Amino acid sequence: MPTELLGQSAAELRALLTAWGEPGYRGAQIYHALHAERRFDVATMTNLPAALRARMAAEARVTLPRILRRFESRDGSIRYLLALESDADGRPASVEAVFMPEENRQTICLSTQAGCAVDCHFCLTAQLGLIRNLTAGEILGQVFVALEENRAGPKPQTNVVLMGQGEPLLNYEPVMTALGILLDPNGVALSPKRVTLSTSGIVPGIERLGTEKVRPKLAVSLNASTDEQRDAIMPINRKYPLGTLLDACRRYPLRPWERLTFEYVLLGGFNDTPDDARRVVRLLSNVRAKVNLIPWNPCELPYRPPAPESVEEFRRILTEKGLPAFIRFSRGQDIMAACGQLALIETQS
Ligand code: SF4
């Protein structure tokens, strides 16, 4: 079985090349070619000796996810359905990634698991259950596919959000390996200010992330102002209720430039009243936070969008109490770019 090179850290590639009887710096050259130069064909790594390239062609490989389908939105977003090869246990999978161009930047939304076990009731991915964890190479490969596909018009700045299928903190090691390469100045060299990991509120994962030297920004999917409400749409709240979750958020070691982001999907008639807004203010007191308010994007699930006046009133209450709040509309609504929707359609068809 050829050795997969994508997803290996610089240290792992050095160790591999040393084990092959090569100088360790050859591993660093390969690492640079893959991640900084995005050269995925060993034949193009012409700074390596021909004999080494021949051995790599025979004994190693670089596997990018294969595009099964692409859906282009009127707003310019492109959603990819990607086929992943079988993992070590022989399980193939498909996931989705979304490329969102903006004026001066592009944002790429990645999946970290195929399906998800967390079972948020407003999320179509939840209906798949967990199919399998992605490897570091499969997580990283989604960034490269999106960038390669859009090579013609890349903007100077790339943002990455881990908000696609899966709960990143329940696939911790592969996610952190992929993030280490994305954030490594000798790797993909993204700024930690431009990479966001979003969690449903896995408290041990939040605590562990806080101990990492290299880490992205953290976003927590809040979506409710009381435990009763959150229990009804996010069963994970029974394991890590709001008090426990927000204690962990208060202890989280924010860097001087950083705020914790709280995502709040506004579901019409469920969690969008002024009282909800006032409770959110109280919940987030003593957390350096900002809130992204996301009006519900209608789909087949039994929720309805909030009235525009309720969205504006919610935002006003938060900002008047000194809690920065922004209204974010989902990109690619016409191509169902919200979490997990494509995978479910494909599974059902
Ligand atoms: S919202 Fe995220 S964590 Fe919740 S079920 Fe969907 S993919 Fe999983």
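Residues numbered from 1 in each chain as written. Predicted model: local features only at pLDDT ≥ 70, side-chain atom pairs only at ≥ 80, totals over all residues. Heavy atoms only, no water.

Draft legend 1. Molecular detail of the nonpolar core. In terms of nonpolar packing, the biggest core is built from 101 residues, with Leu5, Ile30, Met56, Phe262, Leu284, Val291 and Leu318 touching the most fellow members. Here Phe262 is in contact with Val220, Leu222, Leu246, Cys249, Leu284, Val287, Ala289, Lys290, Val291 and Asn292, once residues within four sequence places are set aside. (Core = buried A, V, L, I, M, F, W, Y, C linked by side-chain atoms within 4.5 Å. Buried < 20%, exposed > 50% of the residue type's maximum accessible area, 1.4 Å probe, protein only. Contact = heavy atoms within 4.5 Å.)

Draft legend 2. Summary view of helix H5 (residues 172–183). The terminal C-alpha atoms of H5 lie 16 Å apart, and with 12 residues this matches the ideal 16 Å at 1.5 Å per residue to within 8%. Three or more residues of H5 are buried, namely Tyr172, Val175, Met176, Ala178, Leu179, Ile181, Leu182 and Leu183. In the core, the buried residues of H5 are packed alongside helix H2 (25–35), helix H4 (136–149), strand E9 (157–162), strand E10 (195–199) and helix H6 (203–209). (Helix = DSSP H or I, 4+ residues; strand = E, 2+ residues; numbered from the N terminus. Expected span 1.5 Å × (residues − 1).)

Draft legend 3. Main features of the packing of aromatic side chains. Under the counting rule described, the total for this entry stands at 3 aromatic pairs. Ring geometry for Phe40 and Phe144: centres 5.0 Å apart, planes at 50°, overall tilted. Taken as a pair, Phe40 in the loop between H2 and helix H3 (50–59) and Phe144 in helix H4 lie far apart in primary sequence, 104 residues in all. Look at Trp296 and Tyr303: their rings are 5.6 Å apart centre to centre, the planes differ by 75°, and that puts the pair in the edge-to-face class. The class for Trp296 is buried, based on a relative accessible area of 8%. (Phe/Tyr/Trp six-rings, centres within 6.5 Å; stacked < 30°, edge-to-face > 60°.)

Draft legend 4. Molecular detail of unusual backbone geometry. Even without being a glycine, Arg38 presents a positive backbone phi close to 50°. For Arg38, the position within the fold is in the loop between H2 and H3. The phi dihedral of Asn286 is positive, around 70°, even though this residue is not glycine.

Draft legend 5. Structural context of the site of the ligand. Within the structure, the ligand sits among 9 residues, and Cys116, Asp119, Cys120, Cys123 and Gly166 are positioned closest to it. Class assignment for the residues of the shell around the ligand results in 6 nonpolar, 2 polar and 1 charged. (Near = heavy atom within 4 Å. Nonpolar A, V, L, I, M, F, W, Y, C, P; charged D, E, K, R; others polar.)

Draft legend 6. Looking closely at the pattern of salt bridges. Counted under the stated rule, the structure contains 22 salt bridges. Between Glu149 and Arg70 there is a salt bridge, with the nearest N and O atoms lying 2.9 Å from each other. Pair noted here: Glu149 is in helix H4 and Arg70 is in strand E3 (residues 66–72), with a separation of 79 residues, a long-range link. The exposure class of Arg70 is partly exposed, given its relative accessible area of 42%. Sharing partners across several salt bridges, the network here consists of Asp87, Asp89, Arg91, Arg132 and Glu138. (Salt bridge = Lys/Arg side-chain N within 4 Å of Asp/Glu carboxyl O.)

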